[in-house]
Amino acid sequence: MHEGIALILIVLEAALLAVFSETIAFPLGVIALAMVGWLSPLRIAVPGGRKPLGGAILLGLFLIKWAIAPHEPPYGRVFLQYPLAHVLAQWFLTLQAVEYLVRRGGERLSPFIPIFATGVLVCSGDLYVTGWRALFYQACAICFGMLATAYYGARQDHRWDIAARTTLRTVLSTACLVSIAAAAWVGCALLRTHWDELERFINRQAPESRISGFGFNRQARLGSVEFQQSQSSQWPALRIYAEKAPGYLRGAAYDQYVDGRWSAGSQFRAVPPTRLHMPGTPRTANPLFQIQEHPGKIVAQMDIWKDPSTPVDAIFTPLHTAWLETISESLQLDEHQIAVSLPELPVTNYEVHLAQAGNAEVPQSPELTLSLLQVPPALAKDERVLQLAREVFADSQTPREKLAAVEHWFHTRYTYSLEVKVPQGEEPMRWFLLNRPAAHCEYFASAATALLRLEGIPARYVTGFVAKERNETGGYWVARNADAHAWVEAFDPERGWVTVEPTPEAGVPEGESHFSVMHYFDDFWLRLQIVRTRIMQGGLRGLAAAGWSLVSLLLTTIPGLTILSGLIIWGVQIARRWLRWEVVEATVASSSLRRSLAALDARAARLALIRQPAETLHQFSERVRQVPAAESLADQYLEYAALRYGAADPTPSTV
């Protein structure tokens, strides 16, 4: 009875996983495996103490699958980390199906079946869904509660006594099931209704569980980049193959400032791939996007790999990016040439082609030009701030001189610190300009933007990463979360858009390029990401590229060589044990046979029967049979002959 209930539970979980992940092959495979174990007597002999080890090995295989080819969420919003939750749901579901095959005949299924089912239910629900899918999840939760209760009831050893089925027991059982159903329905409804509040609460309690990318969204408060720096600060965010240090990689640009918060006024527009051919480069099979309307001569290119923990929609590119090449079929671009990928089609690898800077790069609309000159009223109407601006640019005439002057001003009169506290009631930027406290890059970049605008120079506040660290092992550059930064981009009529760095030297990420053992593991992780990306691209070409990348991973990295050596040693050990077992088994069998023959000859000698050298065992057996009461001894000689000269090699157990 309980086996059938468990099978229904597995079918329900598989249906839930299929609907929410939009995959059908794996759920159907698990259902088929469970039905084979339920209907057939097929069993795999596994000692009870080995089951946890088998489950751990199975978990390791699923985690490898997650690392190589994670299943991306089919919907836009997830709760924690859906690719990991998806493989955990698959693992929990597989454990239940395998339970049918790893038990002895007559043995009951594990009492942990409903617990594994709970894991599937929780991990499958790591998505924000509405409409019929939300109702389906609630219905599955209700059925799960009922089936779990029925499973434990059917698994009991006692027989139901009809006389014991009192009205009270019926009422209590019904009330229990109704309570479970109501709790499941209400719980799912509350989760869906208060999703945003719960998500914010989780992020506040454990911000390290998700790199939020606050500094790269459409709005960024002062302090968001510093928050990005503090989250897993040494974990690489970007890895870049390039001849020279990439330097500043922009992820967001802002033009509007209000009371300590920057926002982007320009809207994103969808950009389809261009059919034009990028001059000076070979044609490529990947979609090509034109970032600048009038790109100049291509002077450099970079191959950029984003770590999966980096914000998935931001595409970090250098200033003056002219073309962008990636596997995506569509990108979004704003008027600051900031590109992002669609949430449902994240981009983790792309190649950028840089054009020579020039004065053709002008703001694309009068509205954008006006927004790049706006100064917050709290600063524009404060005479002390205006006097400070006149002092900063007193000896400057040209835009080039003014940009250098604002950098020099902050470098020589201010100091850098991550710890800054604005007094309550004070406007942050004005307080920073007038009181000159030690502060971090966001205050320097914001203040410099405001001063340049007061001087009539279009300027924008930009956030991203500074990549100057070199991984000599892998031959690429690294930008870590600690390298998140804020700076200024200003427009010079002679040079076009240029980068302005007002932050003192102590606050500009330098990225020390010294040798480290961790570089080997970082290179291994990047190669693993490349293999995963090739697999996700699909097709024969993608699989072939993934296979070649995997071979390169194992043969050209220290961790890969270590893993390959371990696999070879493990395989040799298994082969040696197998061969040794065969040799030992044959030796033991041969020794046992010799002892058996000696014992038979000793018994025959007591009957005055001696086997002649030219006499076969069958002939001697017939001669022994002629002696009264020696028939059993004759039969044993025949059995020995069958073992010794039979078609199959004798084993110790048969001897």
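Note that the structure is a prediction, hence the values are computed from the model and not measured.

Colleague: Help me out: how do you make sense of the nonpolar core in this one?
Modeller: A general tendency of soluble globular proteins is for nonpolar side chains to be buried together. Counting residues in each nonpolar core, the largest one holds 71 residues, and the members touching the most others are Leu238, Ile240, Phe410, Leu433 and Leu452. A per-element tally of this core places helix H15 (residues 441–454) first, with nine residues. Beyond its immediate stretch of four places on either side in the chain, Phe410 contacts Phe432, Leu433, Phe444, Ala447, Ala448, Leu451, Pro502 and Pro504. Within the second largest apolar cluster, 38 residues are counted, among which are Ile5, Ala6, Leu17 and Leu93.

Colleague: What's the story with the sheet that holds strand S18 (residues 496–500) in this structure? I'm lost.
Modeller: Picture the strands of a sheet paired through backbone hydrogen bonds; they go either parallel or antiparallel. With antiparallel pairing, four strands are arranged side by side in an open sheet as S3-S14-S17-S18. Sheet topology places strand S3 (247–254) and S18 at the edges, where each strand pairs with a single neighbour. Across this sheet, the average inter-strand angle for adjacent strands is 40 degrees, counted without regard to direction. Where strand S17 (residues 484–492) and S18 come together, five bridges link them in antiparallel fashion. Looking across to S18, one finds that Asp492 is bridged to Gly496. The strands touched by helix H13 (residues 399–413) within the sheet are S17 and S18, with S18 carrying the most contacts at an inclination of about 15 degrees. Those strands touched by H15 are S3, strand S14 (459–467) and S17, and its axis lies near 15 degrees from that of S17.

Colleague: For this particular structure, what's the right way to read the state of the cysteines?
Modeller: Simply put, disulfide is the name for a covalent bond between the sulfur atoms of two cysteines. Counted according to the given criterion, the structure contains zero disulfides. Of all cysteine sulfurs in the structure, the one in Cys140 sits closest to Cys143, which takes part in no disulfide; the separation is 6.5 Å. Using a relative accessible area of 34% as the deciding quantity, one classes Cys143 as partly exposed.

Colleague: Is there a simple way to think about the pairing of strand S10 (residues 321–325) in this case?
Modeller: The side chains of a regular strand alternate, residue by residue, between the two faces of the sheet. Extensive coverage of S10 is indicated by the burial of five of its five residues. Summarising the sheet, S10 and strand S13 (residues 349–355) pair through four bridges and their orientation is antiparallel. Looking at the pairing, Thr321 lines up with Leu354 of S13.

Colleague: What is the right way to look at the pattern of salt bridges in this model?
Modeller: Opposite charge on two side chains lets them pair, provided their charged atoms get close. Tallying each qualifying case throughout the model produces 15 salt bridges. In this structure, Asp382 and Arg430 form a salt bridge, with 3.7 Å as the shortest nitrogen-oxygen distance. Here Asp382 is found in the loop between helix H11 (377–380) and helix H12 (383–392), whereas its partner Arg430 is found in helix H14 (residues 428–435), with 48 residues between them in sequence. Overall, the relative accessible area of 22% leaves Arg430 in the partly exposed class.

Colleague: In this structure, what is going on with the environment of Ser233? I would like to understand it.
Modeller: If you trace the backbone, Ser233 turns up in the loop between helix H9 (224–230) and strand S2 (236–241). Residue contacts for Ser233: discarding those within four places in its chain leaves Arg480, Asn481 and Ala482.

Colleague: I keep staring at the sheet that holds strand S5 (residues 261–263) and nothing clicks. Help me out?
Modeller: The three strands are arranged S1-S5-S4 in an open sheet whose pairing can be described as antiparallel. In the strand order of this sheet, the two ends are held by strand S1 (219–221) and strand S4 (256–258), each with one partner. In this sheet, neighbouring strand axes are inclined to one another by 20 degrees on average, regardless of whether the strands run parallel or antiparallel. As judged from the three bridges shared by S1 and S5, these two strands associate in the antiparallel manner. If you follow Ala220 over to S5, its bridge partner there is Trp262.

Colleague: Before we go on, may I ask you to explain helix H2 (residues 25–39) in this structure?
Modeller: Between the first and last C-alpha of H2 there are 21 Å, a value that for 15 residues agrees with the 21 Å anticipated at 1.5 Å per step. Listed in full, the buried residues belonging to H2 are Pro27, Val30, Ile31, Ala34 and Gly37. All buried residues of H2 lie within an arc of 130 degrees about the axis, which places them on one face of the element. The exposed residues of H2 that point more than 90 degrees off its buried face are Ala25, Leu28 and Leu39.

Colleague: Looking at this structure, how should I read a nonpolar patch on the surface?
Modeller: On the surface, Leu53, Ile57, Leu61 and Ile64 cluster together into a nonpolar patch covering about 400 Å² of accessible area. Note on placement: Leu53 falls in helix H3 (residues 51–68). Relative accessible area serves as the criterion here: at 49%, Leu53 is assigned to the partly exposed category.

Quick notes on the rules
Residues numbered from 1 in each chain as written. Predicted model: local features only at pLDDT ≥ 70, side-chain atom pairs only at ≥ 80, totals over all residues. Heavy atoms only, no water. Core = buried A, V, L, I, M, F, W, Y, C linked by side-chain atoms within 4.5 Å. Buried < 20%, exposed > 50% of the residue type's maximum accessible area, 1.4 Å probe, protein only. Helix = DSSP H or I, 4+ residues; strand = E, 2+ residues; numbered from the N terminus. Contact = heavy atoms within 4.5 Å. Pairing = 2+ DSSP bridges. Axes fitted to C-alpha atoms, helices over the stretch in contact; angles between N-to-C directions. Disulfide = S-S within 2.5 Å. Salt bridge = Lys/Arg side-chain N within 4 Å of Asp/Glu carboxyl O. Expected span 1.5 Å × (residues − 1). Arc of directions from axis to C-beta. Patch = residues over 30% accessible without salt bridge, like charges linked within 9 Å, V, L, I, M, F, W, Y side chains within 5 Å. Areas by Shrake-Rupley, 256 points an atom, 1.4 Å probe, with all protein chains shown as cover.

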